[in-house]
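Chain residues, written in single-letter form:
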Amino acid sequence: MDIVVPMQQTVDLVEELELNDDGTDVEREYLKFVANEWDEQALEEALLLKEATGGTVTVVGIDETDVDGTLFSALAKGADRAVKLGGDFESGVSSHRRAAILAAWLGGESYDLVLVGVQSPEDLDGQTGVILANLLDVAHVSVAIGVQPHEGGVKVSQEFGGGVVQELALSGRAVVGIQAARQAPRYVSISRVRAAMQSGALEEADAADVDASTGTTVRRLYAPESTSHAEMLAGDADDVAARILEIVRERGLVKTGG
Amino acid sequence: MGNDIFVLVEHTQGAVDAGTHELLGKARELAAQSGGRAVACLLHSGARAAADGLAADAVLAVEHPALEHFLPEAYVKAMAALLAEHEPRATLIANTTVGMDVAGGLSARAGVPLVAYCTAIDLDGDELVATSQVFGGKLNAEVAVDGAAICSVVAGSFAPAEGGSPDVQDVAATGLDDLTTSFIARIVPEVSDVDITAEEILVSVGRGIAGEDNIELAQELADALGGVVSASRPVTDGGWLPKARQVGKSGQKVKPKLYIAVGISGAPEHLEGMAEAELIIAINTDENAPIFDVAHYGTTEDLFDVLPALTEQIEAAVSA
Ligand SMILES: Cc1cc2nc3c(=O)[nH]c(=O)nc-3n(C[C@H](O)[C@H](O)[C@H](O)COP(=O)(O)OP(=O)(O)OC[C@H]3O[C@@H](n4cnc5c(N)ncnc54)[C@H](O)[C@@H]3O)c2cc1C
Ligand SMILES: Nc1ncnc2c1ncn2[C@@H]1O[C@H](COP(=O)(O)O)[C@@H](O)[C@H]1O
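Keep in mind the model is a prediction, meaning the values are calculated, not measured. (Residues numbered from 1 in each chain as written. Chains lettered and ligands numbered in written order. Predicted model: local features only at pLDDT ≥ 70, side-chain atom pairs only at ≥ 80, totals over all residues. Heavy atoms only, no water.)

**Student:** Please set out helix α6 (residues 237–250) of chain A residue by residue, giving values where relevant.
**Tutor:** Between the first and last C-alpha of α6(A) there are 20 Å, a value that for 14 residues agrees with the 20 Å anticipated at 1.5 Å per step. Residues A237(A), V240(A), A241(A), I244(A), L245(A), I247(A) and V248(A) constitute the buried set of α6(A). Angularly, the buried residues of α6(A) cover 165 degrees about the axis, an arc narrow enough to put them on a single face. Residues of α6(A) that are buried sit in contact with β15 (258–262), β16 (280–283), β17 (297–299) and α8 (303–319) of chain B. (Helix = DSSP H or I, 4+ residues; strand = E, 2+ residues; numbered from the N terminus. Expected span 1.5 Å × (residues − 1). Buried < 20%, exposed > 50% of the residue type's maximum accessible area, 1.4 Å probe, protein only. Arc of directions from axis to C-beta. Contact = heavy atoms within 4.5 Å.)

Next comes the structure, spelled out in structure tokens:
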């Protein structure tokens, strides 16, 4: 089975998210970018599937900040090919545009299955995978927690609230949005990533010039103005613990004498 | 573009999901503004009765064998046909598993803009303005669409509306005969030893706990308080705790008397499961973590300092 895994770079949510001057996007020039964690899950599931059925895994990214590291790391983990699509992506990429670029590139590739992260932290105009599937006019399954070989195609476990799972069979080409791989993404050592870098195995191509407007305008981006922010407890860990004890005790949640 | 507000009905085994009623609540409000109708879209096979009592002016009921279970492909195609035919002003879809499978695809097929993760929606002349929750809940976006729009909506954003006697119209299904998706099985998880929805005190751990071995620190606190340990998704995905302990969108919805969130950022999918807890105390080193927006009390002290200190003080108080 030949599997394609699109990988997206996204801002590291642990960082303070500074905004650009007109307050309509994050300040992409200075923020730290990491691989979208759900795409890492998709890669893991793709590698597991390849191990079970044979075939290939190709990772594809568009030229976003630090994407090379993500693609080399995927090669080091066992991907067979890594492709970087060049273009001007400095001011961010909508899901509609990303999906259109991927659809155009996939048009020239042979593949059976696309596994992609179920969402990214910044897919304001929808998740890339489901848009991609419908541009390609193939089936899609979202929130997948397992993809296994099944009667020549695959069986996808799709998760609903409360841990209910539905199993679906896909008999043709499809795009699957991965929520979690069947096992935690594998670790790869820095030395193996370096070796992948030295192999020079990163293929480069131009991203298609697509017409894919979202039809949406971001007027402003802002930190939620919470009406009820937590009261922050002062002092060191012992002071904080003492206050918490007081709070829970006042509510009768600790049955004590003292 | 017409004036109607469409809502995708989610239903399992004949019962309409709570989220649908929330969407209908909003749809009625928007329809009053637009001068159109609130229209529920019911895709089904032998479940027409689910239309009864929906708080909608009309129900478009599409029946087809492929709609017996949720097949994403069938849902997207059926909805795309309804949108093409009726050109609603806005289409509201819950940001559930179903919604995540339908909204984006519908946008691509129907060529209608989508605003995802909405928590507020308003109409302003020909414009629709929505608030979208992005970047793990750390930022909101105010997004405008000129003309028709699809909105996928975060659970709990709108007050539900129930009760009504909508005009039910049966609509012929088209394009659902050659699907490459088929249903195999529906698996409901076995009941577990611990039911976190029934507990009064939860000490809930997130990725900040940094490893399976550290769960013990939370367990000790839970023991001292007479509660149990629950978790965010990465912790159960990592196999550090059983799936039955997961709180949130794809886990359990809990409403304990006390919820201590330890190293949990407070992503929207987590908040969906616990925001209603009576008392929420959050321990997180990131002062901008969204968990502090729903917590009653919080601290940015390191969890590895706070947990042992708190356990010790509670143990001392209990034995006093
Ligand atoms: C369809 C779907 C369904 C989902 N369902 C769920 C669900 O049911 N439940 C759920 O929880 N998530 C769910 N998620 C995932 C959700 O989007 C988040 O990824 C997840 O909630 C993040 O978990 P976390 O807060 O533990 O981790 P992170 O977001 O990584 O947060 C870890 C936090 O720990 C803090 N921290 C780190 N070290 C320390 C320390 N030493 N002391 C104090 N604080 C520290 C950090 O500041 C950070 O805020 C779902 C996602 C999708 C797409
Ligand atoms: N000591 C820490 N301080 C702050 N954040 C942390 C810490 N440990 C883990 N995290 C958060 O957890 C995420 C994943 O951690 P890990 O799975 O250990 O790579 C990091 O990207 C951070 O968001």
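Next comes the rest of the description.
**Student:** Please provide a residue-by-residue account of the pattern of salt bridges, values included.
**Tutor:** For the coordinates displayed, the defined rule picks out 30 salt bridges over all chains. The partner of E44(A) in a salt bridge is R186(A), and the shortest N-O contact between them spans 2.9 Å. Placement of the pair is E44(A) in helix α1 (residues 37–53) and R186(A) in the loop between β10 (174–178) and α5 (190–198), with a sequence separation of 142 residues. Using a relative accessible area of 1% as the deciding quantity, one classes E44(A) as buried. With relative accessibility at 21%, the residue R186(A) sits in the partly exposed group. One network of salt bridges, in which partners are shared, links E159(A), R233(B), D237(B) and K243(B). (Salt bridge = Lys/Arg side-chain N within 4 Å of Asp/Glu carboxyl O.)

**Student:** I'd like a rundown of the interface of chain B and chain A, residues and numbers included.
**Tutor:** Every contact between the two is made by 84 residues of chain B and, on the other side, 89 residues of chain A. Each partner contributes to the roughly 7000 Å² buried at the junction of chain B and chain A, and carbon and sulfur atoms together form 57% of this total. Summed over the shared surface of chain B and chain A, the result is seven salt bridges. Residues E142(B) and R220(A) are paired through a salt bridge, measuring 3.0 Å at the closest nitrogen-oxygen approach. In this structure, the connection of chain B to chain A is made through 37 residue pairs in polar contact (both at pLDDT 80 or more). It is helix α3 (residues 97–110) of chain B that provides the largest number of residues to the side of chain B that touches chain A, a total of nine residues. Counted by class, the side of chain B that touches chain A contains 40 nonpolar, 23 polar and 21 charged residues. Pairing of strand β9 (residues 165–170) of chain A with strand β12 (residues 181–187) of chain B involves six bridges; the strand directions are antiparallel. Of the residues in β12(B), the one forming a bridge with V165(A) is I187(B). (Buried area = accessible area lost by both parts, 1.4 Å probe. Polar contact = N/O pair within 3.5 Å; in protein donor to acceptor, adjacent residues only side chain to side chain. Nonpolar A, V, L, I, M, F, W, Y, C, P; charged D, E, K, R; others polar. Pairing = 2+ DSSP bridges.)

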